[in-house]
Amino acid sequence: MKNKENWLIVLFASAYISISLFTVFIVIFLLYEIYKFLRREIKLSGELKFPLFMIITPSIISTSLYGGLKELPGALNQTFFNISYFAKDLFTPSEKLFYKVNLTIIIFCSIEAVVTVFNYYRGLEQPIWGGPFEIGIVFSLGSLSAFTMFLLEKDKKIKSLYFLLFIIFTFFVFYTGKRNPILGITSSYLILFVLLIRFRGISKKFIYALSGIFLVLVTVGTFIAVEKFPKYKLLFEVVFQGKELSENEINEFSSLRWQIGKKGLEVIKKDIENGNYLPLLIGHGYAAGTRLDPPSPVGRSYESIFLISELINIGILGVLGLIYLMFRYFKFVLGVRLKNYNQIIALPFLVFPTYYLVGGIFSGIWDAILPLYFLMFGIAENYFKHELNV
């Protein structure tokens, strides 16, 4: 493509249309990236360089050793594809680029909203593809993009439209009633509001008012989630009434994370007792839950608190890499200081990885579309480093 920005539009469009289509395009893009790297047109650099390799290396090695060739594509998809982050240097970060991508996201999210409502009436909780978790991802980023465009738009009618879309997209996330999307969007907006409140070029009262509106959305959304899933009422009973939960109630509230976590701890305990030091160091690889004893109750992964699931999959080295990635990411993002109003246009891509890093604490951060979001974060990282000398 002569205009490299079109890569981003194609990748986002395919991500909304079909996961299979996106996989085809991201593989083509990664091959293009590797070609550019071999020609020394891009370098392995950036805030996430070392933590990404600390995660990717044990993932590929352990899967090759213990999972075999049949599991290797899954490991590549889950971790290796995130080398897309290093392709950030292929793009010239600009307000025009971020505007085009934000607009693309809003247009496709608007289509997704129509499809999602139509599916709700059919008794299905899904966007164009996927399920409730995909609803959370799709509309969380859509909400951030619509909110950003609302801040920047000068035409009152279009500004009102963006604000309405911000409300609608945010509502969809909370209506899923799922813990990960709710944690993800709430934490993303928390970071966003911190950055905006520190910016001197915008009215503090205005931002406090907007954060108040978002707090109302969170409150109403939480109420909807509690009504939709009675298991959340257990949390209130524990916090406010001091109720002691039974094993079954803990499993119900945690969506089996408690049971899965206990099985995962048994696996780790066996590794320690049997002196399986290499798996402890690099993990058992992708889809370990189907190969180990006791097996995971949900199949491929011991999906509970990320420290347990990732320790089994990518070992101590990978877990340290993930923690280091979180540290490097939040250190950089919270170190950003806006200097002019138009720089707000890049904020959705700066803060959106928060959705995964916080929302994935109870299930793992990996997602098939994550390479695209790491790429966009990398472009935003370059933008703010150039503009602000961070």
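What you are looking at is a predicted structure, and each value in this text was computed from that prediction instead of being measured. (Residues numbered from 1 in each chain as written. Predicted model: local features only at pLDDT ≥ 70, side-chain atom pairs only at ≥ 80, totals over all residues. Heavy atoms only, no water.)

Moving on, we get to the overall build of the protein. Secondary structure summary: the protein contains 17 helices and zero strands in total. Referenced to the eigenvectors of the C-alpha coordinate spread, the extents of the protein come out at roughly 65 × 60 × 40 Å. A total of 390 residues make up the protein; the buried ones form 51% of that total. Considering only intrachain contacts with a sequence separation of at least 6, the fraction spanning at least 24 residues in the protein is 75%. In the form shown here, the protein has an accessible surface area of approximately 17600 Å², with 66% of it arising from carbon and sulfur atoms. Here the protein contributes 38 positively and 27 negatively charged side chains, and the mean placements of these two sets differ by 8 Å. (Helix = DSSP H or I, 4+ residues; strand = E, 2+ residues; numbered from the N terminus. Buried < 20%, exposed > 50% of the residue type's maximum accessible area, 1.4 Å probe, protein only. Contact = heavy atoms within 4.5 Å. Areas by Shrake-Rupley, 256 points an atom, 1.4 Å probe, with all protein chains shown as cover. Lys, Arg positive; Asp, Glu negative; His and termini not counted. Charge placed at Lys NZ, Arg CZ, Asp CG, Glu CD.)

Attention now goes to the packing of helix 6 (residues 132-152) against helix 7 (residues 156-175). A packed helix pair is summarised by two numbers, namely the angle formed by the two axes and the spacing between the axes. Contact pair helix 6 / helix 7: the axes reach a minimum separation of 8 Å and the direction vectors enclose 155°. On the basis of their axis angle, the class for helix 6 and helix 7 is roughly antiparallel. As for the relative orientation of helix 6 and helix 7, their crossing is left-handed in sense. Of helix 7, the residues touching helix 6 (which contributes Ile135, Gly136, Phe139, Ser140, Gly142, Ser143, Ala146, Phe147, Met149, Phe150 and Leu151) are Lys159, Tyr162, Phe163, Leu165, Phe166, Phe169, Thr170, Phe172 and Val173. A class-by-class count of the residues in the contact of helix 6 with helix 7 yields 14 nonpolar, five polar and one charged. (Axes fitted to C-alpha atoms, helices over the stretch in contact; angles between N-to-C directions. Parallel < 35°, antiparallel > 145°, perpendicular 65-115°, else oblique. Left-handed = near helix turned anticlockwise from the far one by under 90°. Nonpolar A, V, L, I, M, F, W, Y, C, P; charged D, E, K, R; others polar.)

Attention shifts here to unusual backbone geometry. The linkage connecting Asp293 with the following residue, Pro294, adopts the cis geometry, with an omega of 0°. Here Pro294 shows up in the loop between helix 13 (277-282) and helix 14 (306-334).

Turning to the confidence of the model for the protein, a few remarks are in order. Averaged over the protein, the pLDDT score is 89; the fraction of residues at 70 or greater is 93%. The least confident element of the protein is helix 10 (residues 231-241), whose mean pLDDT is 66; the most confident is helix 15 (residues 347-351), at 97. (pLDDT = per-residue confidence, 0-100.)

Once that is clear, we can look at the packing of aromatic side chains. For the structure on display, the rule yields 37 aromatic pairs. Each ring, one from Phe147 and one from Phe166, has its centre 5.1 Å from the other, and the planes form 55°; the classification is tilted. Pair noted here: Phe147 is in helix 6 and Phe166 is in helix 7, with a separation of 19 residues, a long-range link. Note on Phe352 and Tyr373: the rings are 4.9 Å apart at their centroids and 80° apart in plane angle, and the pair reads as edge-to-face. On the criterion of sequence distance, the pair formed by Phe352 in the loop between helix 15 and helix 16 (353-359) and Tyr373 in helix 17 (residues 370-388) is long-range, its members being 21 residues apart. Exposure class is identical for Phe352 and Tyr373. Each is buried. What links up through ring pairs into an aromatic cluster is the set Phe147, Phe150, Phe163, Phe166, Tyr189, Phe193, Phe206 and Phe214. The aromatic ring of Tyr85 is capped on one face by Lys88, whose charged end is 4.4 Å from the ring centroid. Its end group placed over the ring of Phe150, Lys159 keeps NZ or CZ at 4.7 Å from the ring centre. (Phe/Tyr/Trp six-rings, centres within 6.5 Å; stacked < 30°, edge-to-face > 60°. Lys NZ or Arg CZ within 6 Å of the ring centre and 35° of its normal.)

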